[in-house]
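Descriptive analysis of the structure
What follows is the residue order along each chain.
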Amino acid sequence: MDIMTGLVAPEVARSWLLVPGRSPELFDAAAGSPADAVVLDLEDAVPAPAKPAARDDVVAWLRGGGQAWVRINDATTSFWTDDLAALSGVPGLRGVMLAKAESGHQVEATADRLPEGTRILVLIESAMGLEAAPEIARAEGTFRLVFGSGDFRRDTGMSDSPMAMAYARSRLVITSRAARLPGPIDGPTLSDDPDVLEREAELTRS
């Protein structure tokens, strides 16, 4: 626990709550939830035409006293540049989550556009990203790896069974350990069924 802010230290945060960046009416409730960390999502949760307005809402909330991480768009899009320009130096930004990373260079380019020391959570969401995981883990600015399990399955055609996903999960654990990073963050649970949540949390813990 961060004594100054009352927030769980991100090195050990276990529950990460994703909130659509185009839903500012949810930001305060998310910040007051029991989740260890809140991530305002400017990527998958926001269609392209709505991204500028969502970005403005996120920045305004952070400037108004809110604290959260922000999932930014991937480095192959023009939205990535706009996201970084808007967020750089904004008070309340705990760090960014870089979507669809496939090289260490993308992480380093992201770090170069943010104040020194800004934490970067790096999403591994494709076969190319998983193959590049050791390079990504050692890139300047990488704070923790994150498994983007949904996009990974779409990219590879794999099922969501624990057996099918075991290799990717295990590789991110081993890669994180080898690079002396905190443990990786697993993919999202999309169900609000407590039994499903408990089962998936136990799988992640294992």
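Okay, so let's go over this structure. (Residues numbered from 1 in each chain as written. Predicted model: local features only at pLDDT ≥ 70, side-chain atom pairs only at ≥ 80, totals over all residues. Heavy atoms only, no water.)

Okay, the overall build of the protein chain next. Looking only at helices and strands, the protein chain features 9 helices and 6 strands. Taking 17 Å as the expected radius of gyration for a compact globule of 206 residues, we find that the protein chain reaches 16 Å, a close match to that expectation. Along the first, second and third principal axes, the C-alpha set of the protein chain runs to 45 × 40 × 40 Å. When each of the 206 residues of the protein chain is scored for burial, the buried share is 44%. The contacts in the protein chain between residues at least 6 apart in sequence include a share of 62% that link residues at least 24 apart. Summing over all exposed atoms, the protein chain offers an accessible surface of approximately 10700 Å²; the carbon and sulfur share of this is 54%. Counting 20 positive and 31 negative side-chain charges, the protein chain places the centres of these two groups 4 Å from one another. (Helix = DSSP H or I, 4+ residues; strand = E, 2+ residues; numbered from the N terminus. Rg over C-alpha atoms; globule rule 2.2 N^0.38 Å. Buried < 20%, exposed > 50% of the residue type's maximum accessible area, 1.4 Å probe, protein only. Contact = heavy atoms within 4.5 Å. Areas by Shrake-Rupley, 256 points an atom, 1.4 Å probe, with all protein chains shown as cover. Lys, Arg positive; Asp, Glu negative; His and termini not counted. Charge placed at Lys NZ, Arg CZ, Asp CG, Glu CD.)

This next bit is on the pattern of salt bridges. A full pass over the atoms with the stated rule returns 11 salt bridges. Between K100 and D44 there is a salt bridge, with the nearest N and O atoms lying 3.5 Å from each other. Separated by 56 residues along the polypeptide, K100 in the loop between β4 (93-98) and α4 (104-112) and D44 in the loop between β2 (37-41) and α2 (51-63) bring together distant segments of the chain. Residue classification places K100 among the partly exposed positions, given a relative accessible area of 28%. Here D186 ties to R169 by a salt bridge, and the two come within 2.9 Å at their closest N and O atoms. Taken as a pair, D186 in the loop between α8 (162-178) and α9 (194-205) and R169 in helix α8 lie far apart in primary sequence, 17 residues in all. Judged by its relative accessible area of 17%, D186 falls in the buried class. Several salt bridges converge on common partners, so that one network encompasses D41, E43, D44, R71, K100, D151 and R154. (Salt bridge = Lys/Arg side-chain N within 4 Å of Asp/Glu carboxyl O.)

What follows deals with a negative patch on the surface. Taken together, the side chains of E108, D112, E116, E135 and E140 present a region of like negative charge at the surface. For E135, the position within the fold is in helix α6 (residues 133-137). You can call E135 partly exposed: its relative accessible area is 44%. (Patch = residues over 30% accessible without salt bridge, like charges linked within 9 Å, V, L, I, M, F, W, Y side chains within 5 Å.)

The space that makes up the second largest pocket amounts to roughly 200 Å³. Around the second largest pocket, the lining is made up of 14 residues, and of these L7, A31, A35, D36 and V38 lie nearest the centre. Those elements that provide at least two residues to the lining of the second largest pocket are β2 and β3 (68-72). (1 Å grid on protein atoms, 1.4 Å probe; cavity = no way out; pocket = protein on both sides within 12 Å on 5 of 7 lines; lining within 4 Å. Points joined across faces, edges and corners; volume = space filled by probe spheres on them.)

Sheet architecture is open: 6 strands sit in the order β1-β2-β3-β4-β5-β6, paired in parallel fashion. Each end of this open sheet is capped by a strand with a single partner; those strands are β1 (16-20) and β6 (142-147). With strand direction ignored, the average angle separating the axes of adjacent strands in the sheet is 30°. Where β4 lies against strand β5 (residues 120-124), 3 bridges are found, and the strand directions are parallel. Following the sheet pairing, V96 is matched in β5 by I120. Of the strands in this sheet, β5 and β6 touch α8, which is tilted by about 170° from β6. (Pairing = 2+ DSSP bridges. Axes fitted to C-alpha atoms, helices over the stretch in contact; angles between N-to-C directions.)

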